[in-house]
Amino acid sequence: MATNRTFTMIKPDAFSAGNSGAILKMIEEAGFKIVAMKATQLTPAIAGKFYEVHSERPFYADLCAYMSSGPIIAAILEKDNAVEDFRKLIGATNPADAAEGTIRKIFAKSIEANAVHGSDSDENAAIEGAFYFSQIERVG
Ligand code: RTP
Ligand code: MG
């Protein structure tokens, strides 16, 4: 995957609240192109594998339970400087700390149920995109 891509998930809280369309609209209006997308529901084991990097963190078990609690949307996004610009668009992990106008400020319910995921590096964007999408399931 090119380094001008990032990976996102619309998390169960935002999906179940019916905010997926509004969030995708903000993403597109910010200049990101959707180059892969699907709705799915994770099992606890698959959520555990996706978030394995956090397995030593105190919130890991809760996070895996939460991320498998309902449907999500997974997507690969393309834009110049995608990883950094998308992290700016979503805002801080805790919505209480997120800047005005960011997706988490508008839609997140708590530090855990925080509406969206965004990759934290080009390397992780490629790994996370490949976790969900095969070559034929994405553009390019
Ligand atoms: P993400 O990976 O989902 O984009 O979020 P992030 O980089 O802003 O935050 P990260 O430190 O990678 O944490 C991953 C997700 O774990 C949940 N979390 N819960 N209860 C807690 O203190 C806590 N801290 C983090 C959040 O869902 C966070 O997005
Ligand atoms: Mg993270």
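Residues numbered from 1 in each chain as written. Chains lettered and ligands numbered in written order. Predicted model: local features only at pLDDT ≥ 70, side-chain atom pairs only at ≥ 80, totals over all residues.

A. Here's a closer look at the site of ligand 1. In the vicinity of ligand 1, the contacting residues are His54, Phe59, Leu63, Thr93, Ile111, Glu112, Asn114, His117, Gly118 and Asp120. Its residues placed into classes, the shell around ligand 1 shows 3 nonpolar, 5 polar and 2 charged. (Near = placed C-beta within 6 Å. Nonpolar A, V, L, I, M, F, W, Y, C, P; charged D, E, K, R; others polar.)

B. View of the sheet that holds strand E3 (residues 72-78). With antiparallel pairing, the 4 strands of this open sheet are ordered in space as E2-E3-E1-E4. At either margin of the open sheet sits one strand with a lone partner, and together these are strand E2 (33-40) and strand E4 (116-118). For this sheet, the mean inter-axis angle between neighbouring strands, taken without regard to orientation, is 15°. One ladder, built from 6 bridges, connects strand E1 (residues 5-10) with E3; its direction is antiparallel. When the bridges of E3 are listed, Arg5 appears paired with Glu78. Those strands touched by helix H7 (residues 122-132) are E1, E2 and E3, and its axis lies near 55° from that of E1. (Pairing = 2+ DSSP bridges. Helix = DSSP H or I, 4+ residues; strand = E, 2+ residues; numbered from the N terminus. Axes fitted to C-alpha atoms, helices over the stretch in contact; angles between N-to-C directions. Contact = placed C-beta atoms within 7 Å.)

C. Region of the structure containing the UniProt feature "binding site: ATP" (unreviewed entry) in the protein chain. The UniProt record annotates "binding site: ATP" (unreviewed entry) at Lys11, Phe59, Arg87, Thr93, Arg104 and Asn114. Residue position: Phe59 is located in the loop between helix H3 (44-50) and helix H4 (60-67). On the secondary structure map, Arg87 appears in helix H5 (residues 82-90). The exposure class of Arg87 is partly exposed, given the 15 C-beta atoms found within 10 Å. (UniProt positions renumbered as here; feature names shortened; annotations may be inferred. Buried ≥ 20, exposed ≤ 12 C-beta atoms within 10 Å, placed from the backbone.)

D. Representation of H7. Taken residue by residue, H7 has Ala125, Glu128, Gly129 and Tyr132 as its buried positions. Axial view of H7: buried residues confined to an arc of 100°, hence all on one face. If you follow the buried residues of H7, they end up packed against E1, E2, E3 and H5. (Arc of directions from axis to C-beta.)

E. Spatial organisation of unusual backbone geometry. If you check the backbone angles, Asn81 has positive phi at about 55° while not being a glycine. You can see Asn81 is positioned in the loop between E3 and H5. Of note, the phi angle at Ala115 is positive, near 75°, even though the residue is not glycine. Considering the arrangement of structural elements, one finds Ala115 in the loop between helix H6 (103-107) and E4.

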